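Chains, contacts and geometry: an overview
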Amino acid sequence: MNLLTKILAVLVALEFFYIFYLETLATDSAKTSDVFGMTREDLRQKNVNVLFKNQGVYNGLLAVLILLAVFAFASKIAVVCLMIYIVAVALYGSITSNPKIILMQGGLAILTLISCIF
């Protein structure tokens, strides 16, 4: 795995740790409200709050898996599989929710996949 791929993969992991932070630790903050286009009142609703926290844990675990793939296992195949999964989820989100998601959530993962080719 080349250095550029490692750097991009780490950036993807950092992005997902940030999403984890927004969804799990700062669930009803002004920043989370801005990022997800929801009111703070909506984010404070028990069901929404619980769903956000659950989704945040998922995103945090994705970040951990990316770092494990890069550093503990040094596995280009694992990195490629994780990036394909992230892009697929971002594509689904862009179709079902907001077209910008493919670039916002999938952009760095796409660049990481491209860097794996070289």
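The structure under discussion appears in the preceding block.
This section reports on the structure supplied with the text. On a predicted model such as this, the values are computed, not experimentally measured, just so you know.

A separate point is unusual backbone geometry. For Ala-74, which is not a glycine, the phi torsion comes out positive at approximately 45°. On the secondary structure map, Ala-74 appears in the loop between α4 (46-72) and α5 (76-96). For Ala-74, a relative accessible area of 52% puts it in the exposed group.

Look at α5: 30 Å from first C-alpha to last across 21 residues, which is about the 30 Å you get at 1.5 Å a residue. Its buried side turned inward, α5 meets α1 (3-25), α4, α6 (101-104) and α7 (107-117).

Once that is clear, we can look at the packing of α5 against α7. Running from N to C, α5 and α7 point in directions that differ by 145°, and their axes come no closer than 9 Å. The handedness of the crossing between α5 and α7 is left-handed. Of the residues in α7, those touching α5 at Lys-76, Val-79, Val-80, Met-83, Ile-84, Ile-86 and Val-87 are Ala-109, Ile-110, Thr-112, Leu-113 and Cys-116. Split into classes, the residues belonging to the contact of α5 with α7 amount to 10 nonpolar, one polar and one charged.

A word on the nonpolar core. Ranked by internal contacts, the top residues of the largest apolar core, which has 16 residues, are Val-12, Phe-16, Ile-66, Val-79, Met-83 and Ile-86. Among the secondary structure elements, those contributing two or more residues to this core are α1, α4 and α5. Sequence-distant contacts of Ile-66, defined by excluding residues within four places in its chain, comprise Ala-9, Val-12, Ala-13, Leu-82, Met-83 and Ile-86.

Because an α-helix completes one turn every 3.6 residues, residues spaced three or four positions apart along the sequence face the same direction. Helix length check: α4, at 27 residues, gives a terminal C-alpha distance of 38 Å against a target of 39 Å (1.5 Å per residue), a fit within 8%. Taken together, the buried positions of α4 are occupied by Val-48, Asn-49, Phe-52, Gly-56, Asn-59, Gly-60, Leu-62, Ala-63, Ile-66, Ala-69 and Val-70. Looking one or two residues past α4, Ala-74 carries a phi angle of roughly 45°, positive in sign.

Next up on the list: the packing of α4 against α5. At a minimum axis distance of 9 Å, the contact between α4 and α5 shows a crossing angle of 155°. By the angle class used here, α4 and α5 are roughly antiparallel. Remark: the crossing between α4 and α5 carries left-handed chirality. Listed contacts from α5 to Tyr-58, Leu-62, Leu-65, Ile-66, Ala-69 and Val-70 of α4 are Ala-78, Val-79, Leu-82, Met-83, Tyr-85, Ile-86 and Val-89. For the contact of α4 with α5, the residue count by class is 13 nonpolar, no polar and no charged.

In this section: the packing of aromatic side chains. Evaluation of the coordinates by the stated rule reveals two aromatic pairs. Between the aromatic rings of Tyr-18 and Tyr-21, the centroid separation amounts to 6.4 Å while the plane-to-plane angle is 25°, which identifies the pairing as stacked. Placement of both Tyr-18 and Tyr-21 in helix α1 is noted, with a separation of three residues, approximately one turn of the helix. Residue Tyr-18 is classed as partly exposed on the basis of its relative accessible area, which comes to 39%. Relative accessible area serves as the criterion here: at 42%, Tyr-21 is assigned to the partly exposed category. Relative to Phe-52, the ring of Phe-36 lies with its centre 5.1 Å away and its plane at 80°, an arrangement referred to as edge-to-face. Of this pair, Phe-36 sits in helix α2 (residues 30-36) while Phe-52 sits in helix α4, placing them 16 residues apart in sequence.

Rules behind the numbers
- Residues numbered from 1 in each chain as written.
- Predicted model: local features only at pLDDT ≥ 70, side-chain atom pairs only at ≥ 80, totals over all residues.
- Heavy atoms only, no water.
- Helix = DSSP H or I, 4+ residues; strand = E, 2+ residues; numbered from the N terminus.
- Buried < 20%, exposed > 50% of the residue type's maximum accessible area, 1.4 Å probe, protein only.
- Expected span 1.5 Å × (residues − 1).
- Contact = heavy atoms within 4.5 Å.
- Axes fitted to C-alpha atoms, helices over the stretch in contact; angles between N-to-C directions.
- Left-handed = near helix turned anticlockwise from the far one by under 90°.
- Nonpolar A, V, L, I, M, F, W, Y, C, P; charged D, E, K, R; others polar.
- Core = buried A, V, L, I, M, F, W, Y, C linked by side-chain atoms within 4.5 Å.
- Parallel < 35°, antiparallel > 145°, perpendicular 65-115°, else oblique.
- Phe/Tyr/Trp six-rings, centres within 6.5 Å; stacked < 30°, edge-to-face > 60°.

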